[in-house]
Amino acid sequence: LVGNTLNPDLSVVGTVEALYSDDTSNPDRARTSVSEIELGIGADIDPFSKAFILFAKEADEFNLEEAYVITRTGPFDLQYKIGKFFAAFGKLNQVHGHVYPFLTTPLIIENYFGEERLADAGASVSGLLPLPFFSEITVQAINDNNVSFTTGDVHPVLIAQWKNFIDLSDDLGLEGALSLAQGRNNTGETSSLTGAYMQLKYLMGKHNFIKAHTEFLGSR
């Protein structure tokens, strides 16, 4: 083995919040805190497989947010993933909180999935379609553990997403996807979610860009 083959990739991200108020009756009127710290560890298992683990500390709790293995050693030249991960439903469900381009959790996530997101242990298969642009189909099954899908029994949530990315020019790119999710709810009936998003990104130089994003979610 040569170089840093055995050394994992490490990342640490923290979210620092500062609050000041002129209300003298507020005991927390001048306060600085670290609301979240994330530690990510990724490493190659072999030339075709990689493992990733993400720990997150919020308040006094230390949780395992994601832990999965990705491999391309299976049949049909597809990518396989198994472990705990954020489901491929829409765009914002897969984005970690510190990456949001806004301060608070979007209501579309909070109302339909809750703090835990549409995320849990499961399996995923994805593959590219033979098109002249990036086009990917993903099919997943995860445990039912969120606001829209909760039974307390063995009833997995089935998810499918069709994601596309098109270069409109050297500086302008369009990304979009259609998503479906279906599973049991706490009444014993079936819930179905339909999602779609579109994101337009315009590069302004090497490090700057403008991004416009819209997302839709419907529940039945």
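Residues numbered from 1 in each chain as written. Predicted model: local features only at pLDDT ≥ 70, side-chain atom pairs only at ≥ 80, totals over all residues. Heavy atoms only, no water.

1. Side note on the overall build of the protein chain
Each helix and strand counted, the protein chain has one helix and eleven strands in total. In sequence order, the secondary structure elements of the protein chain are arranged as β-β-β-β-β-α-β-β-β-β-β-β. Oriented by its inertia axes, the alpha-carbon framework of the protein chain measures out at about 65 × 55 × 40 Å. For the protein chain, with 220 residues in total, the buried portion stands at 30%. Contacts in the protein chain between residues at least 24 apart in sequence constitute 42% of all its contacts with a sequence separation of at least 6. As displayed, the protein chain offers around 14,100 Å² of accessible surface, 58% of which is attributable to carbon and sulfur atoms. One way to put it: in the protein chain the 15 positive side-chain charges average out to a point 3 Å from where the 28 negative ones average out. (Helix = DSSP H or I, 4+ residues; strand = E, 2+ residues; numbered from the N terminus. Buried < 20%, exposed > 50% of the residue type's maximum accessible area, 1.4 Å probe, protein only. Contact = heavy atoms within 4.5 Å. Areas by Shrake-Rupley, 256 points an atom, 1.4 Å probe, with all protein chains shown as cover. Lys, Arg positive; Asp, Glu negative; His and termini not counted. Charge placed at Lys NZ, Arg CZ, Asp CG, Glu CD.)

2. Re a nonpolar patch on the surface
On the surface, L129, L131, I137, V139, W162 and L178 cluster together to form a nonpolar patch covering roughly 500 Å² of accessible area. The topology assignment puts V139 in strand β7 (residues 134-142). Take V139: its relative accessible area is 48%, and that puts it in the partly exposed class. (Patch = residues over 30% accessible without salt bridge, like charges linked within 9 Å, V, L, I, M, F, W, Y side chains within 5 Å. Salt bridge = Lys/Arg side-chain N within 4 Å of Asp/Glu carboxyl O.)

3. Remarks on the sheet that holds strand β3 (residues 49-58)
If you walk across this open sheet you meet the eleven strands as β1-β2-β3-β4-β5-β6-β7-β8-β9-β10-β11, and the pairing is antiparallel. Since the sheet does not close on itself, it has two edges, and those belong to β1 (9-20) and β11 (208-219), each with one partner. Each strand of the sheet is rotated relative to its neighbour by a mean of 15°, with strand direction disregarded. Judged from the ten bridges that link them, strand β2 (residues 30-46) and β3 form a sheet pairing that is antiparallel. Bridge pairing links I37 to K57 in β3. (Pairing = 2+ DSSP bridges. Axes fitted to C-alpha atoms, helices over the stretch in contact; angles between N-to-C directions.)

4. Considerations on the side chain of E36
One can find E36 in strand β2. Despite its burial, E36 pairs with no opposite charge, the nearest such side chain being R117 at 7.3 Å.

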